[in-house]
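Letter by letter, the chains look like this.
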Amino acid sequence: MIPKIAPEQLLDKTVNAFCQRLGEAGFAGDIETSYGARLAVATDNSIYQQLPQAVLLPKHQDDLVLLTIIAAEPDFQALKFAPRGGGTGTNGQSLTQHIVVDLSRHMREIIEFNAEERWVRVQSGVIKDQLNAFLKPHGFFFAPDLSTSNRATIGGMINTDASGQGSLVYGKTSDHVLALTTVLIDGTVLSTEPLAAEDAKAKAEVDSTEGRVYRQAIQTCTEFRQLILEKFPRLNRFLTGYDLEHVWNNSQTIFDLSRLITGSEGSLGFVTEAKLNVTPIARYKTLINVKYDSFVSALRNAPFLVAANATSVETVDSKVLDLARNDIVWHQVKSLIEEVPGKTMQGLNVVEFNDEDAEAMQQKVDNLLKRLDEAIDAGEGGIIGYQLTSDERAINQIYTMRKKAVGLLGNAKGQRKPIAFAEDTAVPPENLADFIIEFRALLDSEGLSYGMFGHVDAGVLHVRPALDMCDSHDEKLLRKVSDAVVALTAKYGGLMWGEHGKGYRSEYGPEFFGETLFTELRRIKASFDPNNRLNPGKICTPWQSNDELVSVDGQKRGYFDKQIPIVVRQSFESATSCNGNGLCFNYEENSPMCPSSKVTKDRRHSPKGRAGLMREWLRLMQNQGVDVLAQEQKLLAGGSTHSWWQKWQNTRAKHQGEQDFSHEVMEAMEGCLACKACAGQCPIKVDVPSFRARFLQLYHSRYLRPMKDYLVGSIERSAPYFAKAPRLVNWLTGNPLSAWFIKNTIGYVDTPQLSVPAITKRIAVFQGFDLATLQAMPESERSKVVLLVQDPFTSFYEADLVEDAMHLIQSLGLNPILLPFLPNGKPQHVKGFLAEFAKVAKSAADFLNQLHALNLPMLGLDASLVLVYRDEYNKALGDSRGDFKVQLFHEWLATQQIPTLSGMGTYQLFAHCTEKTALPVTEQTWVQIFQKAGLSIKPIAVGCCGMAGTYGHELQNQENSRDLYDLSWQQPIANTPAGFILATGFSCRSQVKRYEGFKPLHPLQLIRQLIAAQYPQ
Ligand SMILES: Cc1cc2nc3c(=O)[nH]c(=O)nc-3n(C[C@H](O)[C@H](O)[C@H](O)COP(=O)(O)OP(=O)(O)OC[C@H]3O[C@@H](n4cnc5c(N)ncnc54)[C@H](O)[C@@H]3O)c2cc1C
Ligand code: SF4
Ligand code: SF4
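Worth saying up front: this structure is predicted, and the values here are computed from it rather than measured.

Novice: Report on the pattern of salt bridges, specifying residues and quantitative values.
Specialist: Tallying each qualifying case throughout the model produces 58 salt bridges. The partner of Glu32 in a salt bridge is Arg604, and the shortest N-O contact between them spans 3.4 Å. One end of the pair, Glu32, is in strand β1 (residues 30-32); the other, Arg604, is in the loop between α22 (595-600) and α23 (607-623), with 572 residues separating them in the sequence. Note that Asp483 is salt-bridged to Arg479, the shortest N-O span being 3.0 Å. Of this pair, Asp483 and Arg479 both sit in helix α17 (residues 472-491), 4 residues apart, roughly one helical turn. Look at Asp483 and you get partly exposed, because its relative accessible area is 35%. Among the charged side chains, a network of salt bridges with common partners joins Asp30, Glu32, Arg105, Asp602 and Arg604.

The structure is reproduced here in structure tokens:
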């Protein structure tokens, strides 16, 4: 029996009172104290987990001032806070057991832009790619790059002093900060920018918090200047947190306090605004992908490439290349890094040249190519080949692969997973190859597997050794390897934190800085935050405080995960394997990943949020002694764990406000559109719909289902009956009184109208299905038969499409036969009726396997249903699924001869998000089909349309459904004449009809119409 579960960690009384006081005082942002909301920010991409007491999401700077002023009241002075942006830290930088202040949800405004003076002013929650998308039309970009650019915030970048590809030329974030506004813990709003020495000193004279901070900074950075210069490594990736070296300029005439705040990891204040330098986008760019016989060859060759005046040199090892080969990203890049015949590519250097002047750039490219050719001819340097491209799209695709590398590394099989703890070492580039040889020997000696890539031009290496954080031996190994890497980087004149900041590695700070300088860091911390209330334990603690630094032995996620039995963890791998890299919470409006998080900006409603809730739910169930897998088996076998009466009582208690963590999990699952974009796009293949369906089944073993679940779950059984009298049913469901009734009782709106005439009437002219006839058919006749598999959406609600598909097949000289309608089971799966789904799937599979024996093509029209045969059927039926194959119409059409046609121009393809994330070549295949027919079609980058099966019809989703449509569909649809819009998804066509009043054609319908008009029979 599934019990009710109360979260273990209740809210601290003072935190509760603080939140209440904040709300009463007019805090305009969100105050979240639910267990689910706190869990959603309890992890980042690191191995650590800390449950905060509350999450505050300010709307603007005034909220932060209010928050800090109230926090200074006597009752609340013990409270501590950690700022948070995108939560993509790899070392627990933003994790805290205190209060998280998340600036990423609301503070996303680009405030001011000055093209002439080349700067932009932004709120700190702005996402790096959001900023660059804004700047692009003006010909500029914010140069420091990082792999998490589609979800990391400017505030986070400033506080980790982020950088990445191209840092030799473009520098780090701190090199581009012109001014900062920071709210300090006592409510002071501190504005910082480069000041003449005398102005900085004048500020230091004033008796105020600002004066105190300036006094300390001037004293430390002046008095210890010589020691600072000696101690700080001379690296492109200079020492962050706190960057004492660059507060003064070289001649000590300019003093810039912002330099202390950049890289301070939220330990000095809340950065609310930044004025940033912007860089013109180079007009000409070329990428050369240089291939090597080994990773060491690639590393050793890097200085030669840098010396050729490259803008950047990035390297990738064979392990990362292999992982990319198995990911959705590969189909975009494979033609740019083809295998070299007769050789094995074990390493790759991606070399970028860019310039304002085309000739100057070509000169640099030609010089390098000449030298590469010579090296290949002479068999030198392990270089086995190269490819180049100047196409902007292709260049971006290569970088997308490179940016995905960390995520891909996480997708390892087995219990040991690649983890971040020593993943961003930096050494002088000339030492890199030797450093890596020793680093590898260290990892090999411990029997660890790993993949490597990095910014070789800057001497930065990314490596994630695979460890099982649920295993105490591996946990000890982590400490051992960590210590060894600290020593190794020191030996090679480098840093352990070359890129991602310190976080839980702060314990190594004293060793790197030495006692004198570390004491100065502590004095600086004390001048900003004397009581250690901001991100306590990170970087350093205030001078004279007895508080401790955080350490790599901090509380890890593994501590919680290992409480879940290994069989359960494995069974729910699609939830438990999420490594928190945050790719699913990206800003890109045109990307299918993940519509619910985009529209809510709520981390609980992202794949990571849902996976985290599910994991915690499994842990809490286990702690109550529940065998979740046994419960599932019982339900799958048709049994029930609660009587209807018990469920009714539980549901009543729920409505009366009884607490149960399962309700929080349920709320997050209900917001999911089951679009499956996560399953295709998450580098770890976290598949929310698969564990969501299992959770729904378990949840409803304790609580009653809403009526609409039964309506959706039975749609495939009822639709064939409704289709017998479509006009009557349409009238019954479509008249205003019924619509009102359905809306207010079942919670369903805009009920789709059945097709008139129904499918059975439309296909009467074609040969009907009869298995015996097919079996008896002579081979010559049977080879022309094409079977069309029905689905409930197109057959009953878009019968014209099915009819067109039949005609199109016929016009190609073949014999289309429509199979009898058989439920597919998807609606049941979506709603978690898994026992029923398994039965439906078995019966459909048995039928389709019979036909499979005839070796005839079987085609389906709607991707969201056809893909269920491939994925959910496999999971539910295992071997008994059989080998039947249902192709999507375009997969089959691509193999057929199509007559030459003439169209009206270039058509626009709006592909279904489920389809293009599961089958990334979908759009390309349609382009090829159209080209073959002499037609032109252009894929349009759009995200989810907001309909996703029945999601858009459910009353509670109306606002989100509309917002999603507006996010990426509305504009391109409005800009395209209706006759040029082609959409592959039933849901998408229905959504356009709902909001625009017309239904776009499926691309096959256009082809069918053109054939009918241009080749009349
Ligand atoms: C897959 C992957 C790849 C990565 N690649 C790179 C890379 O190429 N280059 C790189 O530099 N980093 C990289 N990182 C690390 C990470 O993305 C960066 O450190 C990034 O700058 C963090 O931004 P964020 O908004 O997610 O900040 P968070 O992780 O939320 O916070 C980071 C730190 O900044 C503080 N902070 C955040 N916002 C504020 C604010 N407004 N005021 C005060 N303090 C604040 C937090 O307290 C915390 O200490 C990578 C991480 C992952 C998971
Ligand atoms: S769900 Fe996937 S993309 Fe999202 S954080 Fe987890 S692993 Fe990353
Ligand atoms: S199925 Fe779609 S909406 Fe649901 S979590 Fe995955 S990407 Fe988000």
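Novice: Residues and numbers for a nonpolar patch on the surface, please.
Specialist: On the surface, Trp644, Trp645 and Trp648 cluster together into a nonpolar patch covering about 390 Å² of accessible area. Inspection of the secondary structure assignment puts Trp645 in helix α25 (residues 644-655). The exposure class of Trp645 is partly exposed, given its relative accessible area of 48%.

Novice: Report on the sheet that holds strand β3 (residues 81-84), specifying residues and quantitative values.
Specialist: Within a sheet, adjacent strands bond to each other through the backbone by hydrogen bonds, running parallel or antiparallel. Spatially, β1-β2-β4-β3 is the arrangement adopted by the 4 strands of the open sheet, whose pairing is mixed. Edge positions in the open sheet fall to β1 and β3, since each of these has one partner strand only. Put simply, the sheet's adjacent strands are angled 20° from each other on average, direction ignored. Relative to strand β4 (residues 99-102), strand β2 (residues 54-57) is paired through 3 bridges, and the arrangement is parallel. Paired with Leu56 across the bridge in β4 is Val101. Across the face of the sheet, helix α1 (residues 13-24) comes into contact with β1, β2, β3 and β4 while running at roughly 20° to β2.

Novice: Break down the site of ligand 3 for me, citing the residues and quoting the values.
Specialist: Taken together, 13 residues surround ligand 3, and among them Cys594, Arg610, Cys672, Cys675 and Cys678 come closest. Sorting the residues of the shell around ligand 3 by element identifies α23, α27 (677-681) and α28 (688-699) as the ones contributing at least two each. Taken together, the residues of the shell around ligand 3 break down into 10 nonpolar, 1 polar and 2 charged.

Novice: How would you sum up the nonpolar core? Please name residues and give values.
Specialist: With 113 residues, the main nonpolar core has Leu131, Ile154, Leu244, Phe439 and Phe528 as its most contacted residues. Ignoring anything within four residues of it in the chain, the contact list for Ile154 reads Val122, Ser124, Val126, Lys128, Leu131, Phe142, Ala274 and Leu276. Core analysis: the second largest hydrophobic core is formed by 41 residues, Phe572, Met593, Val628 and Cys682 among them.

Novice: Could you give me a rundown of α1, with the residues and numbers involved?
Specialist: Over its 12 residues, α1 extends 17 Å from the first C-alpha to the last, a length consistent with the 16 Å expected when each residue adds 1.5 Å. Along α1, the residues that are buried comprise Val15, Phe18, Cys19 and Leu22. Taken down its axis, α1 places every buried residue within 95° of arc, on the same side. Exposed positions of α1 whose direction lies more than 90 degrees from the buried face are Lys13, Gln20 and Glu24. Summarising the contacts, the buried residues of α1 are in contact with β1, β2, α3 (61-71), β3 and β4.

Novice: Now, about the site of ligand 2: what can you tell me, with residues and values included?
Specialist: Taken together, 13 residues form the shell around ligand 2, and within it Cys578, Asn581, Gly582, Cys584 and Cys682 come nearest. Each residue belonging to the shell around ligand 2 can be placed in one class, and the counts come to 8 nonpolar, 4 polar and 1 charged.

Novice: Give a detailed account of unusual backbone geometry, specifying residues and quantitative values.
Specialist: Cis rather than trans, the peptide bond between Val756 and Pro757 has omega equal to -5°. Note that Pro757 resides in the loop between α32 (736-745) and α33 (759-762). One non-glycine residue, Lys601, lies in the positive phi region at around 55°. With respect to the helices and strands, the residue Lys601 is situated in the loop between α22 and α23. What makes Lys601 partly exposed here is its relative accessible area of 32%.

Novice: Let's hear about the sheet that holds strand β15 (residues 312-317): which residues, and what values?
Specialist: As summarised here, the arrangement of the 7 strands in space is β17-β14-β16-β15-β20-β21-β19, forming an open sheet in which the pairing is antiparallel. Strands with a single pairing partner mark the edges of an open sheet, and in this sheet they are β17 (383-389) and β19 (425-426). As paired elements, β19 and strand β21 (residues 460-463) share 2 bridges and run antiparallel to each other. Along β21, the bridge assignment pairs Ala426 with Val460. Each of β14 (284-292), β15, β16 (347-355), β17, β20 (452-455) and β21 is contacted by helix α15 (residues 392-409), which is oriented at about 50° to β14, the strand it contacts most.

Novice: How would you explain the pairing of β15 if you had to name every residue and give the values?
Specialist: Among the 6 residues that make up β15, 6 are buried, leaving the element largely enclosed by the rest of the structure. Side-chain alternation along β15 places Ser312, Glu314 and Val316 on one buried face and Val313, Thr315 and Asp317 on a second face that is also buried. Bridge analysis of β15 against β16 gives 6 bridges, and the strand direction is antiparallel. Note that in β16 the partner of Val316 across the bridge is Leu348. Sheet topology places β15 next to β20; 2 bridges connect them, and they run antiparallel. Directly across from Val316, in β20, lies its bridge partner Phe453.

Novice: Pulling in residues and values, what's your account of the environment of Lys885?
Specialist: Among the structural elements, Lys885 can be located in the loop between α41 (872-877) and β26 (887-888). Excluding its chain neighbours within four sequence positions, the residues that come into contact with Lys885 are His852 and Met858.

Novice: If you had to explain the layout of surface pockets to someone new, which residues and values would you point to?
Specialist: Of the pockets and cavities examined, the second largest pocket occupies roughly 880 Å³. Contributing to the lining of the second largest pocket are 35 residues, with Lys676, Asp687, Ser690, Asp871 and Lys875 lying nearest its centre. At the level of secondary structure, the elements contributing two or more residues to the lining of the second largest pocket comprise α21 (573-576), α24 (628-636), α27, α28, α39 (834-852), α40 (863-870), α41 and α43 (913-918).

Novice: Explain the pairing of β16 residue by residue, including any values.
Specialist: Within β16, 9 of the 9 residues are buried, leaving the element largely enclosed by the surrounding structure. Side chains Gly347, Asn349, Val351, Phe353 and Asp355 of β16 all project onto a buried face; the interleaved residues Leu348, Val350, Glu352 and Asn354 project onto the opposite face, where all are buried too. Relative to β16, β14 runs antiparallel, the two being bridged by 9 bridges. Residue pairing across strands places Tyr284 opposite Asp355, the latter belonging to β16.

Novice: Any details on the packing of helix α26 (residues 661-670) against α28? Residues and values, ideally.
Specialist: Geometrically, a packed helix pair is captured by the angle between its two axes and the distance between the axes. As a packed pair, α26 and α28 sit with axes 11 Å apart at the nearest point and diverge in direction by 135°. Classified by the angle between their axes, α26 and α28 sit oblique to one another. In this structure, the crossing between α26 and α28 has a hand that is left-handed. Counted together, Ser662, His663, Val665, Met666 and Met669 of α26 and Phe691, Arg692, Phe695, Leu696 and Tyr699 of α28 form the full contact between these two elements. Along the lines of polarity and charge, the residues of the contact of α26 with α28 split into 7 nonpolar, 2 polar and 1 charged.

Novice: Explain helix α14 (residues 358-378) to me, and be specific about the residues and the numbers.
Specialist: Along an α-helix, a turn takes 3.6 residues, which lines up residues three or four apart on a common side. Compared with the 30 Å implied by 1.5 Å per residue over 21 residues, the 30 Å span of α14 between its first and last C-alpha is a close match. Within the sequence span of α14, burial applies to Met361, Lys364, Val365, Leu368, Leu369, Leu372 and Ala375. Across the axial projection of α14, the buried residues extend over an arc of 130°, all falling on one side. Turned more than 90 degrees off the buried face of α14, the exposed positions are Glu359, Lys370 and Asp377. At the N-terminal boundary of α14, the capping side chain belongs to Asp357, with an oxygen 3.3 Å from the backbone nitrogen of Glu359. Where α14 terminates, the next one or two residues include Gly379, which has phi positive at roughly 65°.

Rules behind the numbers
Residues numbered from 1 in each chain as written. Chains lettered and ligands numbered in written order. Predicted model: local features only at pLDDT ≥ 70, side-chain atom pairs only at ≥ 80, totals over all residues. Heavy atoms only, no water. Salt bridge = Lys/Arg side-chain N within 4 Å of Asp/Glu carboxyl O. Helix = DSSP H or I, 4+ residues; strand = E, 2+ residues; numbered from the N terminus. Buried < 20%, exposed > 50% of the residue type's maximum accessible area, 1.4 Å probe, protein only. Patch = residues over 30% accessible without salt bridge, like charges linked within 9 Å, V, L, I, M, F, W, Y side chains within 5 Å. Areas by Shrake-Rupley, 256 points an atom, 1.4 Å probe, with all protein chains shown as cover. Pairing = 2+ DSSP bridges. Axes fitted to C-alpha atoms, helices over the stretch in contact; angles between N-to-C directions. Contact = heavy atoms within 4.5 Å. Near = heavy atom within 4 Å. Nonpolar A, V, L, I, M, F, W, Y, C, P; charged D, E, K, R; others polar. Core = buried A, V, L, I, M, F, W, Y, C linked by side-chain atoms within 4.5 Å. Expected span 1.5 Å × (residues − 1). Arc of directions from axis to C-beta. 1 Å grid on protein atoms, 1.4 Å probe; cavity = no way out; pocket = protein on both sides within 12 Å on 5 of 7 lines; lining within 4 Å. Points joined across faces, edges and corners; volume = space filled by probe spheres on them. Parallel < 35°, antiparallel > 145°, perpendicular 65-115°, else oblique. Left-handed = near helix turned anticlockwise from the far one by under 90°. Polar contact = N/O pair within 3.5 Å; in protein donor to acceptor, adjacent residues only side chain to side chain.

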